[in-house]
Amino acid sequence: RYRVSQNQVFVGNGSDEILAFAFQAFFDPEREIVFPRVSYSFYPVYAQYFGLNCRRVEMNPDFSVPVDALCGDNGGVVLANPNAPTGMALTLDEVERLVQSNPQAVVIVDAAYVDVGADSAVPLIQSYPNLLVVQTASRSRALAGLRVGWAMGNSNLINALRCVRDCFNSYT
């Protein structure tokens, strides 16, 4: 379905587990990560839990995500697309610009609601080794009780997630 190889996929106990692993694996406490102020409420929780320095950027007046404010030399970017709770989505070109502008940092696209209102960023993972796309069966598939999430990205990112899972898993 996604046209990715097996070594580009990581499966976990829901997308929340994968996001926690990603915050732990990819973000350095010495570098500032960024995400929109109005977004998934667990992002600041994970940042605090893992002792990460974060900056929550203000939304545009129409509550759209301020792409320019997320671009630059960041320590990481986390973006729900479409955004939760606004439901507004970035275009694939905007996501690509964001990934391009942060070449030394991992950009996580939390695509929990992608099936109900956005273009998937998965095709971009073939060109950008710093992009991780996280999805869940909870939302559009109405399978929250099943606790299945998956991430797709460069095989190096997937291997890092496996290392974190295999070394430390708070969800056992």
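Further up the page is the structure itself.
Residues numbered from 1 in each chain as written. Predicted model: local features only at pLDDT ≥ 70, side-chain atom pairs only at ≥ 80, totals over all residues. Heavy atoms only, no water.

A few words on the packing of helix 1 (residues 14–26) against helix 5 (residues 155–167). Between helix 1 and helix 5, the shortest axis-to-axis distance is 9 Å and the interhelical angle comes to 100°. If you check the angle between helix 1 and helix 5, you find them roughly perpendicular. Seen from helix 1, the contacting residues are Ile18, Phe21, Ala22, Gln24, Ala25 and Phe26; seen from helix 5, they are Leu157, Ala160, Leu161, Val164 and Arg165. Within the contact of helix 1 with helix 5, the residues separate by chemical class into nine nonpolar, one polar and one charged. (Axes fitted to C-alpha atoms, helices over the stretch in contact; angles between N-to-C directions. Helix = DSSP H or I, 4+ residues; strand = E, 2+ residues; numbered from the N terminus. Parallel < 35°, antiparallel > 145°, perpendicular 65-115°, else oblique. Contact = heavy atoms within 4.5 Å. Nonpolar A, V, L, I, M, F, W, Y, C, P; charged D, E, K, R; others polar.)

Right, let's get into the nonpolar core. One finds Phe23, Phe26, Phe27, Tyr43, Ile108, Leu132 and Leu161 to be the most contacted residues of the largest nonpolar core, which totals 27 residues. Every element with two or more residues in this core is listed here: helix 1, strand 2 (33–36), helix 2 (42–49), strand 4 (76–80), strand 6 (131–136) and helix 5. Within the second largest apolar cluster, 26 residues are counted, among which are Leu79, Leu90, Leu124 and Leu131. (Core = buried A, V, L, I, M, F, W, Y, C linked by side-chain atoms within 4.5 Å. Buried < 20%, exposed > 50% of the residue type's maximum accessible area, 1.4 Å probe, protein only.)

Strand order across the open sheet formed by seven strands is 1-7-6-5-4-2-3, with mixed pairing between neighbours. Every other strand in the sheet has two partners, leaving strand 1 (9–12) and strand 3 (54–57) as the edge strands with one partner each. Between one strand and the next, the sheet's axes are offset by a mean angle of 20°, whatever the strand orientation. Across four bridges, the pairing between strand 4 and strand 5 (residues 107–110) is parallel. Within strand 5, the residue paired with Ala80 across the bridge is Asp110. (Pairing = 2+ DSSP bridges.)

Turning to the side chain of Asp110, a few remarks are in order. Relative to the helices and strands, Asp110 is located in strand 5. A relative accessible area of 5% means that Asp110 is categorised as buried. With residues up to four places along the chain from it excluded, the contact list for Asp110 reads Leu19, Tyr40, Tyr43, Leu79, Ala80, Asn81 and Val134.

Let us look at the pattern of salt bridges. Enumeration according to the criterion identifies five salt bridges in this entry. Between Asp115 and Arg1 there is a salt bridge, and its shortest N-O distance comes to 3.9 Å. One end of the pair, Asp115, is in the loop between strand 5 and strand 6; the other, Arg1, is in the segment before strand 1, with 114 residues separating them in the sequence. Owing to a relative accessible area of 75%, Arg1 belongs among the exposed residues under this scheme. Close ionic contact of Arg97 with Asp68 constitutes a salt bridge, the shortest N to O distance being 2.6 Å. In this pair, Arg97 is assigned in helix 4 (residues 92–100) and Asp68 in helix 3 (residues 67–70), connecting sequence segments 29 residues apart. With relative accessibility at 58%, the residue Asp68 sits in the exposed group. (Salt bridge = Lys/Arg side-chain N within 4 Å of Asp/Glu carboxyl O.)

Along the polypeptide, Pro44 turns up in helix 2. In the structure, Pro44 is positioned 12 residues away from Arg56 in sequence and 8.4 Å away in space, judged by C-alpha atoms. In contact with Pro44, not counting residues within four places along its chain, are Phe35 and Arg56.

A cis amide bond, omega 0°, links Asn81 with the succeeding residue Pro82. In this structure, Pro82 sits in the loop between strand 4 and helix 4. For the bond from Ala84 to Pro85, the omega torsion is 15°, close enough to zero to count as cis. We note that Arg3 has phi near 60°; this positive angle belongs to a residue other than glycine. One can find Arg3 in the segment before strand 1.

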